[in-house]
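Chain by chain, the residues run as shown.
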Amino acid sequence: MLKSLMVAKAKEELEQEFEEKEEQKAMYLEEKSPPLRTSSMSLAELQTLCEELHAKIDVVDEERYDIEAKVMHNTREIKDLNIKVLDLRGKFKRPSLRRVRVSADAILRSLLGSKHKVSLDLRANLKSVKKEDTEKEKTVEVSDWRKNVEAMSGMEGRKKMFDAAKGQNQ
C-alpha cells in the first residue's frame, strides 16, 4: 500500500516536472523568437529578413558543430584514459601481505609517541607450565611400548592388549 502510494506520488511529480519544462521551453521560444509579421513587408524586406535568419542559423550550426566536436574529442580522451588505467592495473601484481609481529610496547609508542613510558609485560600474567610433568608422561608411554614389544608379538600379545583395553574402560 505504501509502495503504491509512493509510486503514484512519484508519477505525479514526474508529470508536473514535464509540464513545467514544456512551459519553460515555450516561454524561452517566445522570448528569443517573437512572431514574424510578414504580411506588411515588401519583397526586398522579406529577402533581407531571410538573409538575416540564414546568417543566424549558420552561426548556430557552427556553434553546434564545434560543441559536438569537443564532446567527441572528450569522449575519446576519456576512453583512452580508461584503457590506460586498465592497462596499468593489469601490469602490477599486488604483493601478498605478511603478518608483522609488533609488541605491545611498540604499538603504544606508535600511538602515544614519546609520552609512552609504561612498558606492558603481557607474558607476566600468563600461567607457567612445568616442563617436567609433560616430559615424564612422554617417557612413560615410550618406555612401556619398548618393554612390551616382544611380549605383545603374536596372538597372545594381542589378547593381552585387548584385555588391557577392556580393563581400562570398566
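Cut-offs and rules
- Residues numbered from 1 in each chain as written.
- Predicted model: local features only at pLDDT ≥ 70, side-chain atom pairs only at ≥ 80, totals over all residues.
- Heavy atoms only, no water.
- Helix = DSSP H or I, 4+ residues; strand = E, 2+ residues; numbered from the N terminus.
- Buried < 20%, exposed > 50% of the residue type's maximum accessible area, 1.4 Å probe, protein only.
- Areas by Shrake-Rupley, 256 points an atom, 1.4 Å probe, with all protein chains shown as cover.
- Expected span 1.5 Å × (residues − 1).
- Patch = residues over 30% accessible without salt bridge, like charges linked within 9 Å, V, L, I, M, F, W, Y side chains within 5 Å.
- Salt bridge = Lys/Arg side-chain N within 4 Å of Asp/Glu carboxyl O.
- 1 Å grid on protein atoms, 1.4 Å probe; cavity = no way out; pocket = protein on both sides within 12 Å on 5 of 7 lines; lining within 4 Å.
- Points joined across faces, edges and corners; volume = space filled by probe spheres on them.
- Nonpolar A, V, L, I, M, F, W, Y, C, P; charged D, E, K, R; others polar.
- Lys, Arg positive; Asp, Glu negative; His and termini not counted.
- Charge placed at Lys NZ, Arg CZ, Asp CG, Glu CD.

(A) Quick peek at the overall build of the protein chain. Broken down by element type, the protein chain carries six helices and zero strands. What you see in the protein chain, going N to C, is helices and strands ordered as α-α-α-α-α-α. Burial status across the protein chain gives 2% buried among its 170 residues. In the structure as shown, the protein chain presents an accessible area of about 17,900 Å², 57% of it carried by carbon and sulfur atoms.

(B) Inspection of helix H1 (residues 2-32) at higher detail. Look at H1: 45 Å from first C-alpha to last across 31 residues, which is about the 45 Å you get at 1.5 Å a residue. Burial within H1 is sparse, with just zero of its 31 residues counted as buried.

(C) Inspection of a nonpolar patch on the surface at higher detail. A cluster of nonpolar side chains, namely Val100, Val102, Ile107, Leu111 and Leu112, defines an oily patch on the protein surface of about 500 Å² accessible area. Looking at the secondary structure, you find Ile107 in helix H3 (residues 104-112). On the basis of relative accessible area, Ile107 is assigned to the partly exposed category, the value being 40%.

(D) Examining the pattern of salt bridges more closely. Taken as a whole and assessed by the stated rule, the structure comprises two salt bridges. Between Asp61 and Arg64 there is a salt bridge whose closest N-O contact spans 3.7 Å. Of this pair, Asp61 and Arg64 both sit in helix H2 (residues 43-91), three residues apart, which is roughly one turn of the helix. Relative accessible area serves as the criterion here: at 45%, Arg64 is assigned to the partly exposed category.

(E) Examining the layout of surface pockets more closely. What the second largest pocket holds in volume is close to 170 Å³. Together, Lys32, Ser33, Pro34, Leu36, Leu49, Glu52, Leu53 and Lys56 line the second largest pocket. Considering every element that reaches the lining of the second largest pocket, the biggest residue donor is H2, with four residues. Taken together, the residues of the lining of the second largest pocket break down into four nonpolar, one polar and three charged.

(F) Here's a closer look at a negative patch on the surface. Taken together, Glu12, Glu13, Glu15, Glu17, Glu19, Glu20 and Glu23 make up a surface patch of like negative charges. Assignment of secondary structure puts Glu17 in helix H1.

No statement about biological role is implied by the geometric values presented.
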